[in-house]
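Now for the letters of each chain:
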Amino acid sequence: MKPAIENLQKALTENLPYCSGTLALDPRNFILFYGKENRARRVDLLHASVKQLNRLERKCDPAPFGRNDQSVLDSTYRKAGKLDVEHFAVGFDADRAGLVEAVRTALFPGSELSKAVRAELYKLNIYGQDGFFKPHTDTPRAEDMFGSLVVIFPTPHEGGELVLRHQGQEWTFNSSEVLSQPDIQAAASVAFVAFFSDVEHEVLPVRAGHRVTVTYNLYYDSSRAGYAPPPVPGLRMLQPTGANLPALSDAFAMLLKDRTMLPDGGILGFGLRHQYPLPTFWSGEPNPLEGLPALLKGTDAALFATCKAHGLNPRLRLIYEAEDSAASDTFVSPVERSVLIPILLDSPTSVDSADDDSDPIQEICEYGGVVMLPRILGQDPPEPLLGPPDRRGKRIQYIRDLSDRWMWAYKPALAQNIKTETVHMVTEITRFNTLRTTMVVYLGNEPAASLMYKYVFLTVAIGPAKAR
Ligand SMILES: O=C(O)CCC(=O)C(=O)O
Ligand SMILES: [Fe+2]
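Thresholds applied
Residues numbered from 1 in each chain as written. Chains lettered and ligands numbered in written order. Predicted model: local features only at pLDDT ≥ 70, side-chain atom pairs only at ≥ 80, totals over all residues. Heavy atoms only, no water. Near = heavy atom within 4 Å. Polar contact = N/O pair within 3.5 Å; in protein donor to acceptor, adjacent residues only side chain to side chain. Areas by Shrake-Rupley, 256 points an atom, 1.4 Å probe, with all protein chains shown as cover. Helix = DSSP H or I, 4+ residues; strand = E, 2+ residues; numbered from the N terminus. Buried < 20%, exposed > 50% of the residue type's maximum accessible area, 1.4 Å probe, protein only. pLDDT = per-residue confidence, 0-100. Contact = heavy atoms within 4.5 Å. Pairing = 2+ DSSP bridges. Expected span 1.5 Å × (residues − 1). Arc of directions from axis to C-beta.

## Thoughts on the site of ligand 1
Move 1: As a structural note, the neighbourhood of ligand 1 is formed by R78, N125, Y127, F133, H136, D138, V150, L162, H201, V203, R211 and T213.
Move 2: R211 is positioned such that a nitrogen or oxygen atom in its side chain is 2.8 Å from an oxygen atom of ligand 1.
Move 3: A distance of 3.0 Å is found between an oxygen atom of ligand 1 and a side-chain nitrogen or oxygen belonging to T213.
Move 4: Out of a free accessible area of 290 Å², ligand 1 has 93% covered by protein chains.
Move 5: Elements supplying a minimum of two residues to the shell around ligand 1: strand 10 (117-127), strand 11 (132-136), strand 17 (200-203) and strand 19 (211-220).

## A look at the environment of S180
Move 1: Relative to the helices and strands, S180 is located in the loop between helix 4 (175-179) and helix 5 (182-186).
Move 2: Look at S180 and you get partly exposed, because its relative accessible area is 41%.
Move 3: Along the primary structure S180 and T155 are separated by 25 residues, whereas in three dimensions their C-alpha atoms are 9.7 Å apart.
Move 4: One polar contact links the side chain of S180 to the main-chain carbonyl oxygen of S176, over a distance of 2.8 Å.

## Details of the confidence of the model for the protein chain
Move 1: When pLDDT is averaged along the protein chain, the result is 85; 84% of the residues meet or exceed 70.
Move 2: Residue range residues 332-337 is modelled with pLDDT below 50. Its contacts to residues more than four positions away, or to other chains, number six contacts.
Move 3: Contacts for the low-pLDDT stretch residues 384-388, under 50 throughout, to residues beyond four places or in other chains number 17 contacts.

## A closer look at the pairing of strand 16 (residues 189-196)
On a regular strand, one side chain projects to one face of the sheet and the next to the other, so that they alternate.
Move 1: With eight of eight residues buried, strand 16 lies mostly within the body of the structure.
Move 2: Burial along strand 16 is two-sided: S189, A191, V193 and F195 and V190, F192, A194 and F196, pointing in opposite directions, are all buried.
Move 3: The sheet contact formed by strand 1 (residues 18-24) and strand 16 spans seven bridges and is antiparallel. Looking across to strand 16, one finds that L23 is bridged to V190.
Move 4: Bridging between strand 12 (residues 145-152) and strand 16 involves six bridges; their strand directions are antiparallel. Counterpart to I152 in the pairing with strand 16 is A191.

## Here we look at helix 6 (residues 245-257)
Move 1: Across its 13 residues, helix 6 extends 18 Å between first and last C-alpha, which sits within 8% of the 18 Å expected from 1.5 Å per residue.
Move 2: Buried within helix 6 are the following residues: L248, S249, A251, F252, L255 and L256. Buried residues in helix 6, looked at end-on, bunch into an arc of 160°, giving them a common side. Exposed residues lying more than 90 degrees from the buried face of helix 6 are D250 and K257.
Move 3: Its buried side turned inward, helix 6 meets helix 1 (3-13), strand 21 (266-271), helix 7 (298-309) and strand 30 (446-462).

Next up, the structure:
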(Lines give C-alpha, C1' and ligand atoms only; values in the text may rest on other atoms or scores of the structure.)
(Ligands and ions follow the chains in the order given, each with its own letter.)
Protein backbone atom coordinates (compact mmCIF):
# COMPACT_ATOMS: atom_id res chain seq x y z
CA MET A 1 0.00 0.00 0.00
CA LYS A 2 1.13 3.55 -0.64
CA PRO A 3 2.91 5.14 2.31
CA ALA A 4 0.75 8.28 2.17
CA ILE A 5 -2.43 6.24 2.62
CA GLU A 6 -0.91 4.03 5.28
CA ASN A 7 0.32 7.06 7.16
CA LEU A 8 -3.12 8.66 7.31
CA GLN A 9 -4.82 5.37 8.17
CA LYS A 10 -2.37 4.75 10.97
CA ALA A 11 -2.88 8.20 12.42
CA LEU A 12 -6.65 7.75 12.36
CA THR A 13 -6.83 4.25 13.83
CA GLU A 14 -3.86 4.21 16.20
CA ASN A 15 -4.78 2.77 19.57
CA LEU A 16 -2.38 3.83 22.30
CA PRO A 17 -2.49 2.91 25.99
CA TYR A 18 -1.77 6.54 26.81
CA CYS A 19 -2.34 10.10 25.63
CA SER A 20 -0.38 13.30 26.11
CA GLY A 21 -0.60 16.97 25.31
CA THR A 22 -0.76 20.48 26.64
CA LEU A 23 -3.60 22.64 27.88
CA ALA A 24 -3.61 26.45 27.93
CA LEU A 25 -5.24 27.85 31.06
CA ASP A 26 -6.21 31.01 32.85
CA PRO A 27 -3.36 32.14 35.20
CA ARG A 28 -5.36 31.46 38.36
CA ASN A 29 -4.99 27.72 37.68
CA PHE A 30 -1.31 27.93 38.59
CA ILE A 31 -1.73 29.25 42.13
CA LEU A 32 -0.72 26.70 44.74
CA PHE A 33 -1.31 26.93 48.50
CA TYR A 34 0.43 24.41 50.68
CA GLY A 35 1.28 23.75 54.30
CA LYS A 36 0.55 21.45 57.20
CA GLU A 37 -0.29 24.05 59.78
CA ASN A 38 -2.88 26.78 59.82
CA ARG A 39 -0.66 29.14 57.93
CA ALA A 40 -0.28 28.16 54.30
CA ARG A 41 2.27 29.34 51.76
CA ARG A 42 1.31 30.63 48.34
CA VAL A 43 3.28 30.08 45.15
CA ASP A 44 2.43 30.92 41.55
CA LEU A 45 3.70 27.94 39.55
CA LEU A 46 3.67 30.03 36.38
CA HIS A 47 6.28 32.44 37.74
CA ALA A 48 7.83 30.56 40.65
CA SER A 49 11.36 31.55 41.70
CA VAL A 50 14.03 28.96 42.43
CA LYS A 51 13.86 30.05 46.06
CA GLN A 52 10.13 29.41 46.23
CA LEU A 53 10.50 26.00 44.61
CA ASN A 54 13.35 25.07 46.95
CA ARG A 55 11.11 25.94 49.86
CA LEU A 56 8.25 23.88 48.45
CA GLU A 57 10.64 20.97 48.01
CA ARG A 58 11.80 21.25 51.66
CA LYS A 59 8.23 21.30 52.93
CA CYS A 60 7.30 18.13 51.06
CA ASP A 61 7.56 14.64 52.57
CA PRO A 62 9.95 12.15 51.05
CA ALA A 63 7.82 10.23 48.57
CA PRO A 64 7.34 6.53 49.23
CA PHE A 65 6.21 4.03 46.64
CA GLY A 66 4.02 0.95 46.79
CA ARG A 67 5.76 -2.40 47.05
CA ASN A 68 3.77 -5.55 47.76
CA ASP A 69 0.83 -3.59 49.14
CA GLN A 70 3.15 -1.62 51.40
CA SER A 71 4.33 1.94 51.19
CA VAL A 72 8.12 1.99 51.47
CA LEU A 73 10.79 4.68 51.37
CA ASP A 74 13.77 3.78 49.23
CA SER A 75 15.86 6.57 47.73
CA THR A 76 17.39 4.21 45.18
CA TYR A 77 13.90 3.67 43.82
CA ARG A 78 12.34 7.08 44.09
CA LYS A 79 13.79 10.44 44.95
CA ALA A 80 11.03 13.01 45.12
CA GLY A 81 8.95 15.04 47.52
CA LYS A 82 5.19 14.69 47.85
CA LEU A 83 2.23 16.31 49.51
CA ASP A 84 -1.00 14.52 50.28
CA VAL A 85 -4.28 16.16 49.25
CA GLU A 86 -4.99 17.55 52.72
CA HIS A 87 -1.76 19.58 52.58
CA PHE A 88 -2.24 21.54 49.37
CA ALA A 89 -4.81 23.27 47.20
CA VAL A 90 -4.22 24.28 43.60
CA GLY A 91 -6.35 26.43 41.30
CA PHE A 92 -6.17 23.80 38.55
CA ASP A 93 -8.91 21.20 38.51
CA ALA A 94 -8.72 18.52 35.80
CA ASP A 95 -12.47 18.09 35.57
CA ARG A 96 -13.34 21.79 35.47
CA ALA A 97 -10.59 22.41 32.91
CA GLY A 98 -12.16 19.82 30.60
CA LEU A 99 -9.09 17.62 30.79
CA VAL A 100 -10.88 14.56 32.17
CA GLU A 101 -13.22 14.58 29.18
CA ALA A 102 -10.34 15.12 26.74
CA VAL A 103 -8.42 12.23 28.25
CA ARG A 104 -11.50 10.02 28.17
CA THR A 105 -11.92 10.74 24.44
CA ALA A 106 -8.27 9.98 23.73
CA LEU A 107 -8.13 6.75 25.74
CA PHE A 108 -11.46 5.26 24.73
CA PRO A 109 -12.10 5.35 21.01
CA GLY A 110 -15.17 3.80 19.51
CA SER A 111 -18.17 2.64 21.44
CA GLU A 112 -16.10 2.41 24.60
CA LEU A 113 -16.45 6.15 24.81
CA SER A 114 -19.80 5.64 26.48
CA LYS A 115 -17.81 4.67 29.59
CA ALA A 116 -18.06 7.58 31.99
CA VAL A 117 -14.99 8.45 34.04
CA ARG A 118 -14.08 10.46 37.12
CA ALA A 119 -10.69 11.78 38.26
CA GLU A 120 -9.66 12.02 41.88
CA LEU A 121 -6.79 14.27 42.90
CA TYR A 122 -4.15 12.06 44.51
CA LYS A 123 -0.77 13.76 45.21
CA LEU A 124 1.49 16.66 44.48
CA ASN A 125 5.04 15.61 43.56
CA ILE A 126 8.19 17.64 43.27
CA TYR A 127 11.40 16.38 41.74
CA GLY A 128 14.41 18.62 42.42
CA GLN A 129 17.87 18.14 40.97
CA ASP A 130 18.60 14.38 40.60
CA GLY A 131 15.00 13.53 41.49
CA PHE A 132 13.64 10.44 39.70
CA PHE A 133 11.17 7.57 39.96
CA LYS A 134 12.22 4.10 38.76
CA PRO A 135 9.95 1.98 36.50
CA HIS A 136 6.72 0.93 38.21
CA THR A 137 3.01 0.55 37.65
CA ASP A 138 0.54 2.41 39.85
CA THR A 139 -1.27 0.37 42.47
CA PRO A 140 -5.02 0.53 41.74
CA ARG A 141 -6.80 2.10 44.73
CA ALA A 142 -10.11 0.46 43.90
CA GLU A 143 -11.58 -2.07 41.54
CA ASP A 144 -12.93 0.59 39.21
CA MET A 145 -9.65 2.49 38.95
CA PHE A 146 -8.30 2.11 35.42
CA GLY A 147 -5.48 4.61 35.07
CA SER A 148 -3.57 7.68 36.15
CA LEU A 149 -3.33 11.26 34.98
CA VAL A 150 -0.13 13.25 35.54
CA VAL A 151 -0.26 17.03 35.13
CA ILE A 152 3.11 18.77 34.84
CA PHE A 153 3.37 22.46 35.72
CA PRO A 154 5.58 24.84 33.73
CA THR A 155 8.28 25.26 36.37
CA PRO A 156 11.71 25.41 34.69
CA HIS A 157 13.34 22.00 34.58
CA GLU A 158 15.60 19.86 32.44
CA GLY A 159 15.35 16.10 32.21
CA GLY A 160 12.57 14.43 34.16
CA GLU A 161 11.12 12.78 31.03
CA LEU A 162 8.26 10.41 31.64
CA VAL A 163 8.97 7.09 29.91
CA LEU A 164 6.02 4.75 29.32
CA ARG A 165 6.26 1.08 28.41
CA HIS A 166 3.56 -1.33 27.33
CA GLN A 167 3.70 -4.67 25.50
CA GLY A 168 7.24 -4.16 24.25
CA GLN A 169 6.67 -0.59 23.10
CA GLU A 170 8.15 2.49 24.66
CA TRP A 171 7.25 6.19 24.47
CA THR A 172 8.93 9.21 26.04
CA PHE A 173 7.16 12.39 27.03
CA ASN A 174 9.58 15.24 27.51
CA SER A 175 7.61 17.78 29.51
CA SER A 176 10.39 20.34 29.79
CA GLU A 177 10.84 20.42 26.01
CA VAL A 178 7.12 20.56 25.29
CA LEU A 179 6.46 23.27 27.87
CA SER A 180 9.36 25.45 26.74
CA GLN A 181 8.09 25.79 23.14
CA PRO A 182 7.47 29.55 22.72
CA ASP A 183 3.79 29.33 21.74
CA ILE A 184 3.01 26.90 24.55
CA GLN A 185 4.87 29.06 27.04
CA ALA A 186 3.14 32.24 25.86
CA ALA A 187 -0.26 30.63 26.39
CA ALA A 188 0.37 29.62 30.05
CA SER A 189 0.01 25.87 29.71
CA VAL A 190 0.34 22.67 31.69
CA ALA A 191 1.46 19.41 30.09
CA PHE A 192 -0.32 16.14 30.77
CA VAL A 193 0.00 12.41 30.30
CA ALA A 194 -2.74 9.87 31.07
CA PHE A 195 -2.25 6.12 30.88
CA PHE A 196 -3.90 2.83 31.74
CA SER A 197 -2.91 1.07 34.97
CA ASP A 198 -0.96 -1.68 33.19
CA VAL A 199 1.41 0.83 31.60
CA GLU A 200 4.80 0.79 33.26
CA HIS A 201 6.25 4.27 33.73
CA GLU A 202 9.36 5.94 34.97
CA VAL A 203 10.53 9.48 35.67
CA LEU A 204 14.11 9.96 34.40
CA PRO A 205 16.44 12.04 36.59
CA VAL A 206 15.83 15.77 36.66
CA ARG A 207 19.14 17.38 35.65
CA ALA A 208 18.28 20.93 36.67
CA GLY A 209 15.39 22.93 38.08
CA HIS A 210 12.19 21.55 39.59
CA ARG A 211 9.59 19.32 38.06
CA VAL A 212 6.23 19.81 39.82
CA THR A 213 3.31 17.50 39.10
CA VAL A 214 -0.10 16.65 40.44
CA THR A 215 -1.43 13.15 39.89
CA TYR A 216 -5.02 11.98 39.62
CA ASN A 217 -6.42 8.49 39.88
CA LEU A 218 -8.86 7.73 37.06
CA TYR A 219 -12.00 5.70 37.76
CA TYR A 220 -14.93 4.39 35.77
CA ASP A 221 -18.03 6.07 37.09
CA SER A 222 -21.36 4.93 35.73
CA SER A 223 -23.21 7.60 37.70
CA ARG A 224 -21.83 10.16 35.25
CA ALA A 225 -22.99 8.37 32.11
CA GLY A 226 -24.14 10.67 29.36
CA TYR A 227 -22.03 13.55 30.67
CA ALA A 228 -20.38 15.12 27.63
CA PRO A 229 -19.02 18.65 28.02
CA PRO A 230 -18.04 20.60 24.89
CA PRO A 231 -14.48 20.47 23.51
CA VAL A 232 -11.85 22.60 25.27
CA PRO A 233 -10.33 25.45 23.23
CA GLY A 234 -6.83 25.50 24.77
CA LEU A 235 -6.24 21.78 24.38
CA ARG A 236 -3.45 20.46 22.20
CA MET A 237 -3.31 16.69 22.07
CA LEU A 238 0.11 15.39 20.99
CA GLN A 239 -0.63 11.66 21.22
CA PRO A 240 -2.52 9.88 19.78
CA THR A 241 -1.31 11.43 16.51
CA GLY A 242 -4.76 11.35 14.90
CA ALA A 243 -6.08 13.80 17.50
CA ASN A 244 -3.13 16.13 16.89
CA LEU A 245 -4.30 18.67 14.33
CA PRO A 246 -0.90 19.65 12.83
CA ALA A 247 0.21 15.99 12.54
CA LEU A 248 -3.05 14.91 10.93
CA SER A 249 -3.02 17.86 8.58
CA ASP A 250 0.51 16.86 7.44
CA ALA A 251 -0.62 13.28 6.82
CA PHE A 252 -3.62 14.52 4.84
CA ALA A 253 -1.48 16.93 2.80
CA MET A 254 0.88 14.08 1.95
CA LEU A 255 -2.04 12.05 0.63
CA LEU A 256 -3.37 14.93 -1.48
CA LYS A 257 0.10 15.53 -2.93
CA ASP A 258 0.41 11.94 -4.13
CA ARG A 259 -0.47 12.32 -7.81
CA THR A 260 -1.03 8.62 -8.30
CA MET A 261 -3.78 8.62 -5.67
CA LEU A 262 -7.15 9.17 -7.40
CA PRO A 263 -5.57 11.14 -10.28
CA ASP A 264 -9.00 12.20 -11.54
CA GLY A 265 -10.29 13.09 -8.10
CA GLY A 266 -12.97 11.25 -6.19
CA ILE A 267 -14.68 10.80 -2.88
CA LEU A 268 -12.91 9.65 0.27
CA GLY A 269 -14.84 7.93 3.08
CA PHE A 270 -13.97 7.67 6.75
CA GLY A 271 -15.59 5.76 9.60
CA LEU A 272 -16.19 7.82 12.74
CA ARG A 273 -14.03 6.83 15.66
CA HIS A 274 -16.15 8.09 18.55
CA GLN A 275 -19.71 7.73 19.68
CA TYR A 276 -22.02 10.76 19.87
CA PRO A 277 -25.28 11.52 21.66
CA LEU A 278 -27.59 11.10 18.68
CA PRO A 279 -31.28 10.32 19.07
CA THR A 280 -31.42 6.55 18.84
CA PHE A 281 -34.80 6.77 17.23
CA TRP A 282 -35.45 9.45 14.66
CA SER A 283 -39.03 10.32 13.98
CA GLY A 284 -39.04 13.64 12.23
CA GLU A 285 -37.14 16.11 14.40
CA PRO A 286 -34.56 18.30 12.69
CA ASN A 287 -31.69 16.55 10.98
CA PRO A 288 -29.32 15.55 13.83
CA LEU A 289 -26.39 15.53 11.39
CA GLU A 290 -26.55 19.32 11.21
CA GLY A 291 -25.47 19.83 14.81
CA LEU A 292 -22.98 17.00 14.77
CA PRO A 293 -19.86 18.83 13.50
CA ALA A 294 -19.84 20.90 16.70
CA LEU A 295 -19.89 17.75 18.84
CA LEU A 296 -17.03 15.91 17.13
CA LYS A 297 -14.21 14.74 19.39
CA GLY A 298 -10.65 13.53 19.15
CA THR A 299 -9.59 12.22 15.74
CA ASP A 300 -13.05 12.88 14.26
CA ALA A 301 -12.83 16.56 15.18
CA ALA A 302 -9.24 16.75 13.93
CA LEU A 303 -10.17 15.08 10.62
CA PHE A 304 -13.13 17.40 10.02
CA ALA A 305 -10.99 20.47 10.79
CA THR A 306 -8.15 19.17 8.61
CA CYS A 307 -10.47 18.74 5.60
CA LYS A 308 -11.73 22.30 6.07
CA ALA A 309 -8.21 23.65 6.46
CA HIS A 310 -7.41 22.13 3.06
CA GLY A 311 -10.35 23.99 1.52
CA LEU A 312 -12.43 20.83 1.25
CA ASN A 313 -16.02 20.24 2.26
CA PRO A 314 -16.30 17.35 4.74
CA ARG A 315 -19.81 15.90 4.98
CA LEU A 316 -21.36 13.80 7.71
CA ARG A 317 -23.73 11.41 6.01
CA LEU A 318 -25.65 8.25 6.68
CA ILE A 319 -25.19 4.85 5.26
CA TYR A 320 -28.14 2.50 5.16
CA GLU A 321 -27.62 -1.12 4.29
CA ALA A 322 -30.68 -2.00 2.33
CA GLU A 323 -31.53 -5.64 2.25
CA ASP A 324 -32.32 -7.20 -1.04
CA SER A 325 -33.23 -10.77 -0.27
CA ALA A 326 -34.40 -11.41 -3.81
CA ALA A 327 -30.90 -10.80 -5.07
CA SER A 328 -29.32 -13.35 -2.78
CA ASP A 329 -30.08 -16.27 -5.06
CA THR A 330 -28.25 -14.59 -7.84
CA PHE A 331 -25.11 -13.29 -6.21
CA VAL A 332 -24.15 -14.87 -2.95
CA SER A 333 -23.57 -18.32 -1.62
CA PRO A 334 -26.46 -19.97 0.26
CA VAL A 335 -24.71 -19.14 3.55
CA GLU A 336 -25.50 -15.50 3.02
CA ARG A 337 -29.05 -14.71 3.90
CA SER A 338 -29.37 -11.54 1.96
CA VAL A 339 -27.52 -8.97 -0.05
CA LEU A 340 -26.87 -5.66 1.65
CA ILE A 341 -26.78 -2.75 -0.71
CA PRO A 342 -25.16 0.32 0.86
CA ILE A 343 -27.19 3.47 0.30
CA LEU A 344 -26.01 6.99 1.13
CA LEU A 345 -28.39 9.52 2.62
CA ASP A 346 -27.86 13.12 3.71
CA SER A 347 -30.66 13.12 6.25
CA PRO A 348 -32.41 10.36 8.20
CA THR A 349 -35.57 10.42 6.06
CA SER A 350 -38.24 7.96 7.08
CA VAL A 351 -39.61 5.92 4.28
CA ASP A 352 -43.37 5.98 4.66
CA SER A 353 -44.18 2.84 2.85
CA ALA A 354 -42.96 0.31 0.46
CA ASP A 355 -45.37 -2.20 -0.94
CA ASP A 356 -44.59 -5.47 -2.54
CA ASP A 357 -44.97 -3.99 -5.98
CA SER A 358 -42.31 -1.37 -5.44
CA ASP A 359 -38.68 -2.11 -4.88
CA PRO A 360 -37.68 -0.91 -1.38
CA ILE A 361 -34.26 0.15 -2.59
CA GLN A 362 -35.72 2.17 -5.37
CA GLU A 363 -38.13 3.67 -2.87
CA ILE A 364 -35.26 4.84 -0.63
CA CYS A 365 -33.49 6.29 -3.63
CA GLU A 366 -36.62 8.27 -4.39
CA TYR A 367 -36.24 9.77 -0.92
CA GLY A 368 -32.79 11.06 -1.84
CA GLY A 369 -30.69 7.92 -1.44
CA VAL A 370 -27.71 7.19 -3.64
CA VAL A 371 -26.34 3.66 -4.10
CA MET A 372 -22.79 3.55 -2.85
CA LEU A 373 -20.12 1.68 -4.78
CA PRO A 374 -17.55 1.01 -2.08
CA ARG A 375 -13.81 0.73 -2.66
CA ILE A 376 -10.89 0.59 -0.30
CA LEU A 377 -8.52 3.43 -1.07
CA GLY A 378 -5.24 2.21 -2.50
CA GLN A 379 -6.20 -1.43 -2.90
CA ASP A 380 -5.57 -2.47 -6.41
CA PRO A 381 -7.14 -4.76 -7.41
CA PRO A 382 -9.88 -3.92 -4.92
CA GLU A 383 -10.37 -6.46 -2.15
CA PRO A 384 -13.69 -7.50 -0.60
CA LEU A 385 -14.72 -4.91 1.96
CA LEU A 386 -15.51 -6.76 5.13
CA GLY A 387 -17.21 -5.31 8.14
CA PRO A 388 -18.03 -6.65 11.61
CA PRO A 389 -21.46 -8.09 12.35
CA ASP A 390 -24.02 -5.37 12.96
CA ARG A 391 -26.08 -5.08 16.15
CA ARG A 392 -28.62 -7.54 14.86
CA GLY A 393 -25.84 -10.07 14.61
CA LYS A 394 -26.13 -10.20 10.87
CA ARG A 395 -22.94 -10.65 8.99
CA ILE A 396 -22.07 -7.59 7.00
CA GLN A 397 -20.13 -8.06 3.86
CA TYR A 398 -19.77 -5.60 1.08
CA ILE A 399 -18.43 -7.64 -1.70
CA ARG A 400 -16.29 -5.30 -3.71
CA ASP A 401 -18.39 -5.03 -6.77
CA LEU A 402 -21.62 -6.42 -5.41
CA SER A 403 -23.44 -3.14 -5.65
CA ASP A 404 -21.99 -2.60 -9.11
CA ARG A 405 -23.22 -5.99 -10.27
CA TRP A 406 -26.50 -5.50 -8.51
CA MET A 407 -26.90 -2.23 -10.31
CA TRP A 408 -25.94 -3.22 -13.78
CA ALA A 409 -26.77 -6.88 -14.03
CA TYR A 410 -29.59 -7.66 -11.69
CA LYS A 411 -31.50 -4.41 -11.93
CA PRO A 412 -30.59 -2.94 -15.29
CA ALA A 413 -33.92 -1.18 -15.58
CA LEU A 414 -33.53 0.46 -12.21
CA ALA A 415 -29.93 1.34 -12.86
CA GLN A 416 -30.97 4.00 -15.30
CA ASN A 417 -32.93 5.86 -12.62
CA ILE A 418 -30.68 5.32 -9.64
CA LYS A 419 -27.76 7.55 -8.80
CA THR A 420 -24.51 5.97 -7.67
CA GLU A 421 -21.48 7.29 -5.89
CA THR A 422 -18.10 5.57 -5.68
CA VAL A 423 -16.57 6.06 -2.24
CA HIS A 424 -12.94 5.21 -1.52
CA MET A 425 -12.84 4.22 2.14
CA VAL A 426 -9.74 5.28 4.07
CA THR A 427 -10.89 3.84 7.40
CA GLU A 428 -13.57 1.27 8.02
CA ILE A 429 -17.18 2.28 8.55
CA THR A 430 -18.14 2.02 12.21
CA ARG A 431 -21.56 1.08 13.46
CA PHE A 432 -21.91 2.71 16.86
CA ASN A 433 -23.42 6.01 15.68
CA THR A 434 -26.77 4.66 14.66
CA LEU A 435 -30.04 6.33 13.85
CA ARG A 436 -33.09 4.15 13.58
CA THR A 437 -36.16 4.99 11.58
CA THR A 438 -39.11 2.93 10.53
CA MET A 439 -40.21 1.81 7.18
CA VAL A 440 -43.70 0.46 6.73
CA VAL A 441 -43.66 -2.46 4.39
CA TYR A 442 -46.84 -3.86 2.93
CA LEU A 443 -46.85 -7.54 2.39
CA GLY A 444 -50.04 -7.85 0.44
CA ASN A 445 -52.49 -5.89 2.62
CA GLU A 446 -50.60 -6.50 5.86
CA PRO A 447 -48.58 -3.53 7.00
CA ALA A 448 -45.38 -4.45 8.83
CA ALA A 449 -43.02 -1.96 10.45
CA SER A 450 -39.42 -2.62 9.74
CA LEU A 451 -36.50 -0.79 11.34
CA MET A 452 -33.91 0.96 9.25
CA TYR A 453 -30.45 1.26 10.84
CA LYS A 454 -28.38 4.12 9.52
CA TYR A 455 -24.77 4.67 10.42
CA VAL A 456 -23.03 8.04 10.39
CA PHE A 457 -19.81 8.39 8.45
CA LEU A 458 -17.81 11.08 6.77
CA THR A 459 -17.09 11.72 3.10
CA VAL A 460 -15.02 14.37 1.43
CA ALA A 461 -14.63 15.04 -2.29
CA ILE A 462 -11.14 15.77 -3.54
CA GLY A 463 -10.22 17.29 -6.88
CA PRO A 464 -8.01 15.83 -9.62
CA ALA A 465 -4.29 15.51 -8.84
CA LYS A 466 -3.34 18.50 -11.01
CA ALA A 467 -5.65 20.80 -9.08
CA ARG A 468 -4.91 19.89 -5.48
O1 LIG B 1 5.24 12.64 38.81
C2 LIG B 1 5.18 11.92 37.83
O3 LIG B 1 5.47 12.31 36.70
C4 LIG B 1 4.74 10.51 37.92
C5 LIG B 1 4.39 10.13 39.31
C6 LIG B 1 4.03 8.70 39.41
O7 LIG B 1 4.31 7.90 38.56
C8 LIG B 1 3.27 8.24 40.58
O9 LIG B 1 3.01 9.06 41.45
O10 LIG B 1 2.94 7.05 40.64
FE1 LIG C 1 3.25 6.13 38.92
